[in-house]
Amino acid sequence: MQSILGIETSCDETGVAVFQAGAGIVAERVYTQLDHAQYGGVVPELASRDHLRKLPGMIDEVLKAAQIAPTSLDGIAYTQGPGLAGALLVGASTAVSMAQALNIPSIGVHHMEGHLLSPLLENPDLAMPFIALLVSGGHTMLVEVSDWGVYRLLGETLDDAAGEAFDKTARLLALGFPGGPLVSALAEAGDPKRFHFPRPMLNRPGLDFSFSGLKTHTRTLIAQCDSDDYADIAAGFEAAVVDTLVQKCARALKATGHNRLVVAGGVSANRLLRATLDKRLSSQVYYPSLDLCTDNGAMIAWAGWHRRHMGTLDGTITVHPRWALDGLPPIDHRGAQAELSKHHS
Ligand code: KG4
Ligand code: ZN
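Residues numbered from 1 in each chain as written. Chains lettered and ligands numbered in written order. Predicted model: local features only at pLDDT ≥ 70, side-chain atom pairs only at ≥ 80, totals over all residues. Heavy atoms only, no water.

Caption draft 1: Quick look at the sheet that holds strand β8 (residues 150–156). What the five strands build is an open sheet, ordered β8-β7-β6-β9-β10; its pairing is mixed. Of all the strands in the sheet, just β8 and β10 (284–286) have a single pairing partner and so form its edges. Between one strand and the next, the sheet's axes are offset by a mean angle of 25°, whatever the strand orientation. Two strands pair when backbone bridges link them, and strand β6 (residues 130–135) and strand β9 (residues 260–264) are joined in this way by four bridges, in the parallel orientation. Within β9, the position partnered with Ile 131 by the bridge is Leu 261. (Pairing = 2+ DSSP bridges. Helix = DSSP H or I, 4+ residues; strand = E, 2+ residues; numbered from the N terminus. Axes fitted to C-alpha atoms, helices over the stretch in contact; angles between N-to-C directions.)

Below, the structure written as structure tokens:
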């Protein structure tokens with residue numbers, strides 16, 4: 001049975017998992033670094049050091065939980081980019097050197113492809129083509145997925161990412177970090193209609209996003225209010241982000257004629273976003289389960305398994321802190337599908 005170890009270290013989560021063809025994710029661990037909270041954002045040097053401290057022990061633990069000897073692994077997938085250079089290097093050097101020692105391929109995975117493919121781990125019937133909305137702390141993009149590994153960027157943010165806008169608003173509201181879940185929790189007690197919030201870029205054609213104007217608007221509003229108003233501000237802000245994302249998804253589906261939408265990345269955990277998409281779109285919408293929304297090793301092991309034929313044995317350690325999603329080579333999936341169904345039957 002083919003087993004792939006997956007390692008994620010692109011930002012502030014250390015993720016490790018094993019994917020086994022026919023069995024799925026057989027073991028996984030995610031460690032979320034907490035030291036960043038006091039700085040209100042991820043501190044790259046702290047992130048690298050923490051990955052270095054945690055990763056070896058987590059790999060041991062996951063392999064033990066999966067009851068797999070390292071020598072039984074068939075490949076090691078790791079996040080090669082995009083992300084923080086130092087953090088990526090910890091995962092890349094660990095994966096490549098371990099793979100060298102075991103004489104198995106190491107597979108560099110694109111972090112956003114990991115997010116994009118994560119809903120397919122739990123929905124084997126989800127067919128391509130579809131539209132993907134990828135919303136995380138670093139990215140906001142709409143992608144047309146016409147086949148495995150064949151991605152066309154339809155639109156992206158011109159400034160802040162959606163998750164980043166949540167994080168910055170949380171900081172202004174003195175809520176802590178990461179901000180998405182905290183703003184969302186506070187918003188539940190608020191009235192989203194009390195204050196007016198702009199819906200950025202909706203009056204213009206196209207599928208790009210911009211959240212910096214909304215951020216400025218929110219900052220100005222907070223300066224004029226006191227803490228009794230914070231729940232209403234959180235609710236109004238969240239509604240504006242969600243409304244913008246939902247309308248752009250509707251536009252992308254209409255423009256391409258596709259009728260399936262995949263939503264992934266940290267912000268896809270947002271309850272209002274899910275409820276609004278389900279309510280307003282006639283298309284079928286697919287989400288990863290909540291623990292697969294934010295960064296994790298499972299999505300890297302899963303994407304790595306699909307790209308295992310592209311693994312290398314040459315031992316070079318390279319990372320791509322910036323890396324376009326739509327330049328990736330297609331995934332040769334015919335063999336993979338046959339192998340999956342063989343193990344399933
Ligand atoms: O995908 P992810 O774990 O890391 C990146 O690749 O960036 O996404 C993290 C982002 C953070 O900005 C966080 O605030 C946001 O996802 N997030 C949320 C929620 N849960 C996480 N945003 C809104 N609502 C949530 N429930
Ligand atoms: Zn991510």
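On we go from here.
Caption draft 2: Structural context of the domain arrangement of the protein chain. Examined at the domain level, the protein chain breaks down into domain 1 (3–116 + 293–344) and domain 2 (126–287). The distance between the C-alpha centroids of domain 1 and domain 2 comes to 27 Å. With 22 residues of domain 1 at the contact, the number on the domain 2 side is 23 residues. Contact between domain 1 and domain 2 buries roughly 1800 Å² in total, counting both sides, with carbon and sulfur atoms accounting for 73%. Interface area lost by domain 1 to domain 2 is led by Met 112, Leu 116 and Cys 293, which between them contribute 34%. The interface formed by domain 1 and domain 2 includes zero salt bridges. In terms of residue count, the dominant contributor to the side of domain 1 that touches domain 2 is helix α3 (residues 111–122) (four residues). (Domains from an automatic or database assignment. Contact = heavy atoms within 4.5 Å. Buried area = accessible area lost by both parts, 1.4 Å probe. Salt bridge = Lys/Arg side-chain N within 4 Å of Asp/Glu carboxyl O.)

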